[in-house]
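Residue-level listing of the chains:
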Amino acid sequence: MNNISYFIHLLILSLLQIVIVDNIHLGSYFYLNIYILALYILPYKMKGIPLLLSGFFLGLVMDLADNTVGIHAAASTFIVYIRPRLLQLTSTREEIDDTHGGQGLTDVRWFLKYTFVSTLLFNVVLILTEAFTFNDILISIIRIILSTFISMLFMLLYYFIGIKKV
Amino acid sequence: MKEIIKLILKYHFTIIFILLEIVSFSLIIRHNEYQRAIFSESAATLFGNISSTITSIKDYFRLKEMNESLAKENILLKNRLEKYELSRDTIIHGTIIQDSIPVYEYIGAKQVNATYNRTKNYITLNRGRKSGLQKEMAVCTPEGIVGLIQDLSDHFAVVIPLINVDARISAKIKKNNYYGSLQWDGNDYSYSYLNDIPYHVEVNAGDTIVTSGLSKIFPEGIVVGYVESVDKETANFLKIKVKLAVDFKRINHVYVILNNNKNEQTSLEAINYYE
């Protein structure tokens, strides 16, 4: 995947999130976020400060759209922070050496593994930050699980329609 | 130093991550009502404890100064007492009827919170309605006046000090009794401005400005400050820069002044002035 197609994906995902997904109301247990897929498909070689800043600002834009200033930014910064380690854990050495990140995306099993862990952690941070308390932790846990599930579903849909064939 | 830089470079990813998270959380607390409510609730408890500890430590270091100022005031009061006893002795056989209630009573209080770098500054005192405080009572320190009480709860009072742009008090030049209104310009917490003094009045730097006693709130003659400079700003009035007697950054103990005759005076004036 080259830079231009990456930006197209970023744009489509952001617009989908803001225009459509933010307006889908599935009840308070389902917090649907697909824009984080744009962070998952970032090139491998992107590291350090640019990586962190892209996570932060993408989250901030979503916050502004969703009127929840800071919550998405905190969660998305967190998942780009753990991204290098997570990539190391979920991939074999050869895949990491492959500097062009797009190639890893064709491996569905790897993609599922990485996306699931990352989305789960994203929702942990997002929902605990939103709740801002450890009271009613059970409700928060149910929300985390259901939100991860629904977000994964939509992201896989996008993955098979938009990315897999590229 | 080299090691520190090395360490920062090594962990810059984590450090920047933490910084960004701090930014996020400060945004959350700033812009989201719910999170702010929870945060301020727990923060108030925490910082309340911290600030009261810090205050007690600070108090300890300022004991000497406080002692000196108290001693000074003691002397002043003793002198005043002496004077009154003298005058009582001389009129002991006269027919003057002593009022059983003194006109002004003093209630001690301590500052627990204050601002001094805004345009609308406020001071919080640790005494409230339960200690007999009421709205619009005067607050002063041994050095001079601080302000007046704007609002109260059972145990706390909020004072609107001279260094609040909304505060206007009536003050006069001690040596010739010309009075004007003192108003702060919102700039420097140690200076205020006395307006409405006619052009022809002679004022020099160093002259004492005291309360006029016209507002019923402040007793007459409490020091407000000292003239710093005099400007002939408009055609008819002077603009007098006053160095305030009270250092608002160092207030600790204050007196709240209760005027026992205020209601009586107000109601009498209400009948006669505004018919």
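All values derive from a computational prediction rather than experimental measurement.

Turning our attention to the confidence of the model for chain B. All names here are of chain B. Per-residue pLDDT for chain B averages 81, and the proportion of residues at 70 or more is 92%. Of the regions scoring below 50 in pLDDT, residues 92-99 engages in one contact with residues more than four places distant in sequence or in other chains. Predicted as a complex, the structure gets a pTM of 0.47 and an ipTM equal to 0.76.

A few words on the packing of helix 3 (residues 48-66) of chain A against helix 2 (residues 12-31) of chain B. To describe two helices that pack against each other, one gives the angle between their axes and the distance between the axes. Between helix 3 of chain A and helix 2 of chain B, the shortest axis-to-axis distance is 9 Å and the interhelical angle comes to 20 degrees. Taken together, the axis directions place helix 3 of chain A and helix 2 of chain B in an arrangement best described as roughly parallel. In this structure, helix 3 of chain A crosses over helix 2 of chain B, and the sense of that crossing is right-handed. The residues of helix 2 of chain B that touch helix 3 of chain A, namely those facing Gly48, Ile49, Leu52 and Phe56 of chain A, are Phe13, Ile16, Phe17 and Leu20 of chain B. Taken together, the residues of the contact of helix 3 of chain A with helix 2 of chain B sort by class into seven nonpolar, one polar and no charged.

Right, let's get into the interface of chain A and chain B. How big an interface is tends to be expressed through the accessible area that disappears when the partners come together. The interface of chain A with chain B comprises 15 residues on the first partner and 13 residues on the second. When residues of the side of chain A that touches chain B are traced back to their parent elements, those giving at least two are helix 3 and helix 4 (71-90) of chain A. With five residues, the top contributor of residues to the side of chain A that touches chain B is helix 4 of chain A. Residue composition of the side of chain A that touches chain B, by class: nine nonpolar, six polar and no charged.

Residues and elements named next belong to chain B. Summarising the sheet, strand 1 (residues 104-114) and strand 12 (residues 253-259) pair through seven bridges and their orientation is antiparallel. Bridge assignment links Ala109 to a residue of strand 12, and that residue is Val254. By the bridge criterion, three bridges tie strand 3 (residues 138-140) to strand 12 in an arrangement that is antiparallel. Following the sheet pairing, Val139 is matched in strand 12 by Val256.

Residues in a regular strand project their side chains so that they alternate between the two faces of the sheet. Residue and element names in this part refer to chain B. In the sheet, strand 6 (residues 168-173) pairs with strand 9 (residues 208-211) via three bridges, with the strands oriented antiparallel. Pairing of Ile173 across the sheet is with Ile209, part of strand 9. Alignment of strand 9 against strand 10 (residues 223-231), held across three bridges, turns out to be antiparallel. Looking at the pairing, Ile209 lines up with Gly225 of strand 10.

With that settled, consider the nonpolar core. Core analysis: the biggest nonpolar cluster contains 42 residues, and Val139, Val146, Val159, Val224 and Val254 of chain B have the highest contact counts within it. Of all hydrophobic cores here, the second largest spans 34 residues; its members include Ile36, Ala73, Ala74 and Ala75 of chain A.

Next up on the list: helix 6 (residues 108-131) of chain A. Its 24 residues give helix 6 of chain A an end-to-end C-alpha distance of 33 Å, which sits within 8% of 34 Å, the value for a rise of 1.5 Å per residue. Restricting attention to buried positions, one finds in helix 6 of chain A the residues Phe111, Tyr114, Thr115, Ser118, Thr119, Phe122, Asn123, Val125, Leu126, Ile127 and Thr129 of chain A. Where the residues of helix 6 of chain A are buried, they touch helix 2 (37-40), helix 4 and helix 7 (137-163) of chain A together with helix 2 of chain B. Taken from the residues just after helix 6 of chain A, Phe132 of chain A is the one with a positive phi, measuring 60 degrees.

This paragraph deals with the sheet that holds strand 3 of chain B. All names here are of chain B. Spatial strand order, 1-2-5-4-3-12: six strands in a closed barrel with antiparallel pairing. Here the average twist between neighbouring strands, direction ignored, is 45 degrees. Note: strand 2 (residues 123-125) against strand 5 (residues 157-161), three bridges, orientation antiparallel. Within the sheet, the bridge partner assigned to Leu125 lies in strand 5 and is Ala157.

Peptide bonds are mostly trans, and most non-glycine residues show a negative phi. All names here are of chain B. Phi at Asn177 takes a positive value of approximately 65 degrees, unusual for a residue other than glycine. Along the polypeptide, Asn177 turns up in the loop between strand 6 and strand 7 (179-183). The exposure class of Asn177 is exposed, given the 10 C-beta atoms found within 10 Å. With a phi angle near 70 degrees, Asp196 is a residue other than glycine that sits in the positive phi range. Counting through the fold element by element, Asp196 comes out in strand 8 (residues 191-198).

Attention now moves to the sheet that holds strand 8 of chain B. Read around the closed barrel, the six strands follow the order 6-7-8-11-10-9 (chain B); overall the barrel is antiparallel. With strand direction ignored, the average angle separating the axes of adjacent strands in the sheet is 40 degrees.

What counts and what doesn't
- Residues numbered from 1 in each chain as written.
- Chains lettered and ligands numbered in written order.
- Predicted model: local features only at pLDDT ≥ 70, side-chain atom pairs only at ≥ 80, totals over all residues.
- pLDDT = per-residue confidence, 0-100.
- Contact = placed C-beta atoms within 7 Å.
- Axes fitted to C-alpha atoms, helices over the stretch in contact; angles between N-to-C directions.
- Helix = DSSP H or I, 4+ residues; strand = E, 2+ residues; numbered from the N terminus.
- Parallel < 35°, antiparallel > 145°, perpendicular 65-115°, else oblique.
- Left-handed = near helix turned anticlockwise from the far one by under 90°.
- Nonpolar A, V, L, I, M, F, W, Y, C, P; charged D, E, K, R; others polar.
- Pairing = 2+ DSSP bridges.
- Core = buried A, V, L, I, M, F, W, Y, C linked by C-beta atoms within 7 Å.
- Buried ≥ 20, exposed ≤ 12 C-beta atoms within 10 Å, placed from the backbone.
- Expected span 1.5 Å × (residues − 1).

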